[in-house]
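Descriptive structure summary
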Amino acid sequence: MVSPQRLPAGGSTQRRRLLYGALGALAAAFTRPARAAATHANATTTAPARHQAMAWARQMRHRAVAAGDQAFGAVVVRNGKLVGEGPSRVVVNDDPTAHAEIEAIRDAARRLGSRDLAGCELYATSMPCPMCQTAAYWANLDRVYVGPQAEDAGPPRYCRC
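Described in the following lines is the structure provided in the data block.

Definitions and limits used
- Residues numbered from 1 in each chain as written.
- Predicted model: local features only at pLDDT ≥ 70, side-chain atom pairs only at ≥ 80, totals over all residues.
- Heavy atoms only, no water.
- Helix = DSSP H or I, 4+ residues; strand = E, 2+ residues; numbered from the N terminus.
- Buried < 20%, exposed > 50% of the residue type's maximum accessible area, 1.4 Å probe, protein only.
- Polar contact = N/O pair within 3.5 Å; in protein donor to acceptor, adjacent residues only side chain to side chain.
- Contact = heavy atoms within 4.5 Å.
- Pairing = 2+ DSSP bridges.
- Right-handed = clockwise from strand over helix to strand, strands pointing away.
- Phe/Tyr/Trp six-rings, centres within 6.5 Å; stacked < 30°, edge-to-face > 60°.

1. Focus: the side chain of S88
Among the secondary structure elements, S88 is positioned in the loop between β2 (81-87) and α4 (100-112). Given a relative accessible area of 3%, S88 falls into the buried group. A polar side-chain atom of S88 sits 3.2 Å from a polar atom in the side chain of D69. In this view, S88 contacts A64, D69, Q70, F72, A98 and A100; residues no more than four positions away in its chain are not counted.

Shown next, in the form of C-alpha cells:
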C-alpha cells in the first residue's frame, strides 16, 4: 500500500484520484470478466426451459439416491439441450470431489470436447458449495440455477475460502 508521505504533492483531489485508481485496478483484477456480468441482462432461458432442466437435475438426484449416494443432482444445459449430467457419486466412488455439480461439469466437458463451457448453464438441486462454484467459474459457465423453482443464482463465483 502507498503511504500518504509518498503520494505526489498537489492537494487532496490528486491523492484521492490516485488512490481510487489503484483501488479500481485492484478490484478489476479480482472480478469476473464483463461478459459474465452482461449475461444476466441478456439471459434468454425461458421459465419452461428452466423447469425442464431442473426436472433433469431432479432425475440425477433420484439416480444418486437409488445408487446409495447423497441426494444431490445437477445437469449442464446449452441452448436447451442436455450436455452434461451428474448424480452425486461421493459415497459410491469414495471420492470427496465427486459432487453432482462437478460430475455434470466433467461430463459436459467430455461430451463437448472442451474445458470451456461458455454458453452453458448449470442446474443443481441445491446451492453449490464453494468447490463447485469455483469449478463452474473455471469452466466458464454462464449461470447457475438452483432449487425446485430453478432460482437464478447468478454467474458462478470464484470462492476464496
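Next comes the rest of the description.
2. With respect to the pairing of strand β4 (residues 143-146)
Side-chain alternation along β4 places R143 and Y145 on one buried face and V144 and V146 on a second face that is also buried. With four bridges connecting them, strand β3 (residues 120-124) and β4 associate as parallel partners. Of the residues in β4, the one forming a bridge with Y123 is Y145. The β-α-β motif built from β3, the intervening helix α5 (residues 130-138) and the parallel element β4 has right-handed crossover chirality. Bridge count for β4 against strand β5 (residues 151-154) is three bridges, and the pairing is antiparallel. Across the sheet, residue V146 finds its bridge partner in β5, namely E151. Between β4 and β5, which pair antiparallel in sequence order, lie four residues; one of them, G147, sits at a positive phi of approximately 80°.

3. What about the packing of aromatic side chains?
Following the criterion strictly, the structure yields four aromatic pairs and no others. A centroid spacing of 5.2 Å and a plane angle of 85° characterise the contact between Y137 and W138, whose relative ring orientation is edge-to-face. The exposure class assigned to Y137 is buried, which follows from its relative accessible area of 16%. On the accessibility criterion, W138 (55% relative accessible area) is exposed. Ring geometry for W138 versus Y158: centroids 5.5 Å apart, planes at 85°, classification edge-to-face.

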